[in-house]
Amino acid sequence: MKSAVETLNPTRVRLTVEVPFEELKDSLDAAYKKINQQVTVKGFRKGKIPARVIDQRFGRGAVLEEAVNDALPKFYTEAVNEADLNPLGQPEVDITELKDGELLAFTAEVDVRPEIEIPDYSGIEVEVDAIEVSDEDVEKSVEQLRGRFASTKDVERAAAEGDVVTIDLEAKVDGEVLPDGVASDVSYTIGSGELLEGIDEAVTGLEAGGEATFTSQLKGGSAEGKDAEVTVKVTKVSAKELPELDDEFAQMASEFDTLEDLKADSRKRLENMKQYDQATQAQERVLEKLLELVEVPIPEKLLEDEVNTRKHNLEHHQLGQMGLDLAKYLEFQGKTVEEFDAETKDQAIKGIKTQFVLDALVNKEKLGVNQEELTEHLMRRAQSSGMSPDQFAQAVVEGGQVPMLVGEVARGKALAVVVEAAKVVDTNGDVVDLSDDEDEVETAAETVEAAVDGDDEVKADEAK
């Protein structure tokens, strides 16, 4: 076999391959054997039909076609390996010559990973938010904990914000009660924003037995998107009673004996959360700076496939689970189709560029992934997917996704290397030292995943 490579552009090549006919022998034998098992010829046992009879009855062309289809992947792979190419996606193959007994020649055009020169990244500087936990932050945290231990008491007065009301609802569209527009004994906290728009204003000031009517656009159900006339009747008003903030509360709500110890622990937890956010912010901004330093040509077909995949996942998985279509989602987001398409394309470009640059950095720095790192990453991915580690590991192995996980960890390590070399300062002008972050690689891997996947994940509370 002879092969040659022509570079069409920085991300696409054309392979020209010539195969002497004798190298097709194994594929020809396999073709005769396959046809033998599929056809019946009177006078011959199944599977024992001579090759000359198959040629006479079914045509030599059918045999050659079967043999070439079998042989092409093997010779294409050999040509790719000989040229030391890193192909992306499936090739476009064109058979240019097929002479029975003499020669098979074909071309294969395919996108390839571009050659990327990683520049000196030691001069990268970024600014991040300072870690500051105020007394107000601590008080708010303790109040949230206090709210989880609140009790309710029925009251005979008008409902006010923060009260829990028990209500009956009836929704009409065009004067007709909807089949799914009636609900009874619904518990609702005024001001929570968890039900229909306008309900807070409607029930505020009502006592038990009072009712009001308001108009609201329905966010789901049989009349989704339509304006409905909603009648709400309050059957009970309950006031929340919060426990006293004292040592007894601390002992009830935590493992601490005093309220001061509980507050100190709350402050520490808030600092740890802000420290994690600061590390993530540093990684995101360092990655942005790194990508700005590198010119990366993007394969057109790869970009097109990535954009289509993102759109498909959004429309048929994320939005579908919430009963939304793309038009309704864009309406909630206040975006046009053109704006959505442009954003999706930008996210896809960033994702592809992130992978290319960090993979090149992995090779440059000769970064490997050990079993412990892979296991830790697998555990975290399992946790975020809601599966047990064993279930997730089995799914990964069966799906052939182990190399994907290895790549995610390796890219995380590459980003961590760049972050360590960068100068990170906070908004107070103090240098931030991230070297003590035990989870640096794992948090970096998560940052990379977010960049690769894009910021298109839809949450129900954002869309509704």
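Residues numbered from 1 in each chain as written. Predicted model: local features only at pLDDT ≥ 70, side-chain atom pairs only at ≥ 80, totals over all residues. Heavy atoms only, no water.

- The name given to the protein chain in an unreviewed UniProt entry is Trigger factor, with the source organism recorded as Streptomyces amritsarensis.
- The record held by UniProt for the protein chain lists under Sequence similarities (unreviewed entry) the comment "Belongs to the FKBP-type PPIase family. Tig subfamily."
- Taken from UniProt, the Function (unreviewed entry) comment for the protein chain reads in full: "Involved in protein export. Acts as a chaperone by maintaining the newly synthesized protein in an open conformation. Functions as a peptidyl-prolyl cis-trans isomerase." (UniProt positions renumbered as here; feature names shortened; annotations may be inferred.)

1. Side note on the side chain of D163
Stage number 1. Tracing the sequence through the fold places D163 in the loop between β6 (151-154) and β7 (164-173).
Stage number 2. Classification of D163 as buried rests on a relative accessible area of 5%.
Stage number 3. Here the side chain of D163 touches R157 through a polar contact of 2.8 Å, side chain to side chain.
Stage number 4. Setting aside its immediate chain neighbours within four residues, D163 contacts R157, A158, Y188, T189, I190, V237, S238 and A239. (Helix = DSSP H or I, 4+ residues; strand = E, 2+ residues; numbered from the N terminus. Buried < 20%, exposed > 50% of the residue type's maximum accessible area, 1.4 Å probe, protein only. Polar contact = N/O pair within 3.5 Å; in protein donor to acceptor, adjacent residues only side chain to side chain. Contact = heavy atoms within 4.5 Å.)

2. Here's the deal with the UniProt feature "domain: PPIase FKBP-type" (unreviewed entry) in the protein chain
Stage number 1. UniProt feature "domain: PPIase FKBP-type" (unreviewed entry): in the numbering of this structure it lies at residues 162-215.
Stage number 2. A helix fraction of 9% and a strand fraction of 54% characterise residues 162-215, whose end C-alpha atoms lie 22 Å from each other.

3. Let's talk about the side chain of R146
Stage number 1. By the secondary structure assignment, R146 is in helix α4 (residues 135-148).
Stage number 2. The contacts of R146, once residues within four sequence positions are left out, are L242, P243, L245 and F249.

4. Some words on the packing of helix α7 (residues 259-293) against helix α14 (residues 440-453)
Stage number 1. The contact between α7 and α14 brings their axes to 10 Å, and the two run at 55 degrees. Considering their axes alone, α7 and α14 lie oblique with respect to each other. Handedness of the crossing formed by α7 with α14: right-handed. Along its contact with α7, which presents Y276, T280, Q283, E284 and L287, the element α14 presents E440, T443, A444, E446, T447 and A451.
Stage number 2. For the contact of α7 with α14, the per-class residue count stands at four nonpolar, four polar and three charged. (Axes fitted to C-alpha atoms, helices over the stretch in contact; angles between N-to-C directions. Parallel < 35°, antiparallel > 145°, perpendicular 65-115°, else oblique. Left-handed = near helix turned anticlockwise from the far one by under 90°. Nonpolar A, V, L, I, M, F, W, Y, C, P; charged D, E, K, R; others polar.)

5. Notes on the packing of aromatic side chains
Stage number 1. Overall, the coordinates contain one aromatic pair when judged by the stated rule.
Stage number 2. Ring geometry for F149 against F249: centres 6.1 Å apart, planes inclined by 90 degrees, an arrangement best described as edge-to-face. Of the two residues, F149 sits in the loop between α4 and β6 while F249 sits in helix α6 (residues 247-253), which places them 100 residues apart along the sequence.
Stage number 3. Judged by its relative accessible area of 2%, F249 falls in the buried class. (Phe/Tyr/Trp six-rings, centres within 6.5 Å; stacked < 30°, edge-to-face > 60°.)

6. Describing the packing of helix α13 (residues 402-421) against α14
Stage number 1. It is at 7 Å that the axes of α13 and α14 come closest, and there the two elements cross at 105 degrees. Judged by the inter-axis angle, α13 sits roughly perpendicular to α14. For the pair α13 and α14, contact is made by E408, V409, R411, G412, K413, L415, A416, V419 and E420 and by E440, V441, A444, A445, T447, V448 and E449, respectively.
Stage number 2. For the contact of α13 with α14, the class distribution of residues is eight nonpolar, two polar and six charged.

7. Let's talk about the pairing of strand β3 (residues 87-99)
Successive residues of a regular strand alternate their side chains across the two faces of the sheet.
Stage number 1. Pairing of β3 with strand β4 (residues 103-112) involves nine bridges; the strand directions are antiparallel. Among the inter-strand pairings, K99 is bridged to a residue of β4, identified as L103. (Pairing = 2+ DSSP bridges.)

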